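# Chain and residue survey
Residues per chain, in single letters:
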Amino acid sequence: MTYSQAVLNGDRLALTRLLTQVENDMPDGRAALIELFPHTGKAHLIGVTGSPGTGKSSLVNQLALYYRKTENKRVAIVAVDPSSPFTGGAVLGDRVRMRDLAGDTGVFIRSMATRGSLGGLAQSTANMVQVFDAAGFDVIIIETVGAGQSEVDVARLAHTTLVVEAPGLGDDIQAIKAGILEIADILVVNKADRPGVENTEKALKSMLELAHPAARIFQHHGSSMRIAAPAQESSSKLTWIPPIQRTVSTEGKGIVELTQAIARHVAHLTQSGDWAVRERARLEVELDALIREELVSRFRRDVPQKQYENMLEKIIQREMSPGEAVKLLMNGRLK
Amino acid sequence: MTEKKIRVLVAKPGLDGHDRGAKVVARALRDAGMEVIYTGLRQTPEMIAEAALQEDVDVVGLSILSGAHMALTPRLLELLKINGQSHVKIFIGGIIPDEDLHRLKEMGVTGVYGPGASTEDIIRDVRLAVAG
Ligand code: B12
Ligand SMILES: Nc1nc2c(ncn2[C@@H]2O[C@H](COP(=O)(O)OP(=O)(O)OP(=O)(O)O)[C@@H](O)[C@H]2O)c(=O)[nH]1
Ligand SMILES: [Mg+2]
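None of the values given here were measured: they were computed from a predicted structure. (Residues numbered from 1 in each chain as written. Chains lettered and ligands numbered in written order. Predicted model: local features only at pLDDT ≥ 70, side-chain atom pairs only at ≥ 80, totals over all residues. Heavy atoms only, no water.)

## Some thoughts on the coordination of the cobalt atom of ligand 1
Where we set the bar: Counted as donors are N, O and S atoms no farther than 2.8 Å from the metal, or 3.2 Å for Na, K and Ca; water is not among the atoms, and sites may therefore look incomplete. Where helices and strands are cited, they refer to DSSP runs of H or I of at least four residues and of E of at least two residues respectively, numbered from the N terminus.
In this structure, the cobalt atom of ligand 1 receives exactly one donor atom from the protein: His 18 of chain B (NE2), at 2.1 Å. Tracing the backbone shows His 18 of chain B in the loop between strand E1 (7–13) and helix H1 (20–31).

See below:
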């Protein structure tokens, strides 16, 4: 039996082996991805990103518990941590905060290292997620590296992206967090048991007002309305204003409310047609990446190294521009 | 294709809180270029076997300073076997009396290390064991 058949039959050993094959971009992994693709597209992908130590893993633990216990959904978690740029090694520690999920076969946690890739995910994260999707997991939660910048990759991959903040990360929150609003579907203020929650929430609100003028007008016209109010009516307005949710992940507080916000976001995505738009954009990026990879490997095969180096030398000597060189190297090749 | 990284699960089974050794070893293996999944304290053999399966590791490293190694290790070996993971190599460190060392190796444990063990030796032995 092939990996993909075994995975579709629910074989956990085959699943874990296949994930390794896919992570390492091995031939069996590539073949399985092709076979599994028709079975993908059913899972809800939730991205969780934010600065180091804000409580992402603890939050993922709570979300997974909720989806298991309350909605009886099968949950996969992909947790990404950075590789050391010097040795290539990594300590992957996200599981430490997910021990409540142990002993439940409806949950599958896989840790992975970035292996040199930037942007908060590893190169093969999207493919690993596809395997989980095909394997029938209903919810797939992706925890990024805690880099504190705009982790654009995860927003591209996930249907719903949570950006996790916590009080006490420094006063100049606006300077650090430029860009997160473009990727956040929901803003989570975790560690709400800590002093300074109000300040963090206020800073996020004022950023939201700057980013979403519509919301500001809304507020002007009805001063009693909260900034997050339009989100609830988003299905009719067709714009989504990221709500701000408070949580205490260590105690499970605010998790039900957060999952309700996530459910509203899913409803918004389907009703507004944004789900299809995102799916399309994601698959387009994936297709483009694969085309690029294939073209490069064909180029390597077809163009003699010597000729390539000669061209490079000419470029260095300013006898030719890189653009010109590409035209010449490609000429008549790559049929 | 990317080169196959050695993946190691480092776990602390049992109820004691001595986690310095586990952390020292986890960092040393990372610095040797391996991917180390650290699970933290108070892991049962069931939790360790499950994590080993989900993470598809080559090696499981246990740090035990409580004296419970003779109770915990056979159970873990049994669970790994049930899961189809008999190929996973087991390394144990901590406070292990000499007479137990031989019995652990007989059970199928690959390496046993006590206080003061050199991390270079551990790295070398892990590499050798995974290379087969
Ligand atoms: C520091 C220490 C503590 C610290 C622990 C701090 C911490 N967060 O780790 C504190 C003060 C908290 C502590 C408490 C206790 N301790 Co204490 N502690 C020690 C001590 C002095 C050193 C341990 C240590 O950190 N060594 C440094 C590390 C780097 O060495 P290591 O763990 O041995 O690791 C090396 C190797 O063993 C191996 N290794 C370890 N793990 C792994 C894993 C893998 C995969 C591999 C390959 C190798 C490997 O490689 C490492 C590098 O060389 C030892 C005595 C000793 N000489 O070992 C007692 C000792 C372990 N403690 C002991 C006891 C009894 C206790 C207490 C129960 C005391 C009490 N009655 O309260 C409590 C338990 C508390 C609890 N919650 O569990 C006894 C255990 C006796 C036994 N097992 O038969 C010891 C042996 C002291 C003694 N001689 O009686 N302890
Ligand atoms: N007080 C408080 N502490 C929390 C809360 N959530 C998480 N923590 C603690 O914050 C620390 C970091 O939590 P993690 O869940 O590991 O955070 P993370 O964002 O996943 O960390 P990285 O993956 O290393 O970036 C741990 O000590 C948690 O126990 C919370 O709601 N309140
Ligand atoms: Mg984490």
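There's plenty left to go through after this.
## Re the sheet that holds strand E7 (residues 186–189) of chain A
All names here are of chain A. To keep things clear, this is the line we draw: The criterion for strand pairing is that DSSP finds at least two bridges linking the strands in question. To obtain each axis, a line is fitted to C-alpha atoms, and for helices this fit is confined to the stretch in contact; angles are then taken between N-to-C directions over 0 to 180 degrees.
Ordered by their spatial adjacency, seven strands build an open sheet running E4-E2-E5-E1-E6-E7-E8, and the pairing between neighbours is parallel. Pairing within the sheet leaves two strands with one partner each, and these edge strands are strand E4 (107–113) and strand E8 (244–246). Between one strand and the next, the sheet's axes are offset by a mean angle of 20°, whatever the strand orientation. Pairing analysis gives seven bridges linking strand E2 (residues 75–81) to E4, with the strands arranged parallel.

## A word on a nonpolar patch on the surface
Residues and elements named next belong to chain A. Note the following rule: For patches, a residue must show more than 30% relative accessible area and have no salt bridge; joins then use 9 Å for like charges and 5 Å for nonpolar side chains, namely Val, Leu, Ile, Met, Phe, Trp and Tyr. Note on areas: these come from Shrake-Rupley sampling with a 1.4 Å probe, and a residue is covered only by the protein chains present in the view. We define a salt bridge as a contact between a side-chain nitrogen of Lys or Arg and a carboxyl oxygen of Asp or Glu at a distance within 4 Å. Only protein chains enter the accessibility calculation, which uses a 1.4 Å probe; a residue whose area is less than 20% of its type maximum is buried, one above 50% is exposed, and one in between is partly exposed.
A surface patch of nonpolar side chains, amounting to about 270 Å² of accessible area, comprises Leu 287, Ile 291 and Leu 295. Tracing the chain through its elements places Ile 291 in helix H14 (residues 274–302). Note on Ile 291: relative accessible area 42%, which makes it partly exposed.

## Digging into the coordination of the magnesium ion (ligand 3)
All names here are of chain A. For the magnesium ion (ligand 3), the full set of protein donor atoms is Ser 57 (OG), Asp 94 (OD) and Glu 143 (OE), and the range of their distances to it is 2.1 to 2.2 Å. Mapping the donors of the magnesium ion (ligand 3) onto the primary sequence yields the spacing S-x36-D-x48-E. Of the two residues, Ser 57 sits in helix H4 (residues 56–69) while Glu 143 sits in strand E5 (residues 139–143), which places them 86 residues apart along the sequence. Relative accessible area serves as the criterion here: at 7%, Ser 57 is assigned to the buried category. Overall, the relative accessible area of 3% leaves Glu 143 in the buried class.

## Points about the site of ligand 2
Residue and element names in this part refer to chain A. We count it as follows: Proximity is defined per residue: if any heavy atom of the residue lies within 4 Å of a molecule or strand, that residue is considered near it. Polar contacts, as used here, are pairs of N or O atoms within 3.5 Å; protein pairs need one atom able to donate a hydrogen and one able to accept it. Residues neighboring in sequence count only if both atoms are side-chain atoms. In this count, Pro and Cys sit with the nonpolar residues alongside Ala, Val, Leu, Ile, Met, Phe, Trp and Tyr, while Asp, Glu, Lys and Arg are called charged and the others, Gly among them, polar.
Of all residues adjacent to ligand 2, which total 17 residues, the nearest are Lys 56, Ser 57, Ser 58, Asp 193 and Ser 249. One of the side-chain nitrogen or oxygen atoms of Asp 94 is found 3.1 Å away from an oxygen atom of ligand 2. Here an oxygen atom of ligand 2 and a side-chain polar atom of Arg 97 are 3.3 Å apart. Protein chains shield 77% of the accessible area of ligand 2, which is 650 Å² for the free molecule. With three residues, the single largest contributor to the shell around ligand 2 is H4. Classifying every residue of the shell around ligand 2 gives two nonpolar, eight polar and seven charged.

## Section: unusual backbone geometry
All names here are of chain A. Residues other than glycine seldom take positive phi values, yet Asp 25 does so here, at roughly 55°. Secondary-structure assignment places Asp 25 in the loop between helix H2 (12–23) and helix H3 (27–36). Accessibility expressed as a relative area gives 28% for Asp 25, which makes it partly exposed. Positive phi, close to 50°, is recorded for Arg 115, a residue that is not glycine. Inspection of the secondary structure assignment puts Arg 115 in the loop between E4 and helix H5 (125–134). Exposure remark for Arg 115: the relative accessible area of 26% places this residue in the partly exposed category.

## Overview of the packing of aromatic side chains
All names here are of chain A. Rules: Any two of the Phe, Tyr and Trp rings considered here, Trp counted by its six-membered ring, make a pair once their centres fall within 6.5 Å; the pair's planes then place it as stacked at under 30 degrees, edge-to-face at over 60, or tilted in between. By definition, being over a ring means that NZ of Lys or CZ of Arg is both within 6 Å of the ring centre and within 35 degrees of the ring normal.
Under the counting rule described, the total for this entry stands at six aromatic pairs over all chains. Three or more aromatic residues joined by ring pairs make a cluster, and in this case those are Phe 108, Phe 132 and Phe 137. In this structure, Arg 74 packs its charged tip against the face of Phe 137, placed 4.2 Å from the ring centre.

Structural measurements only, silent on function.
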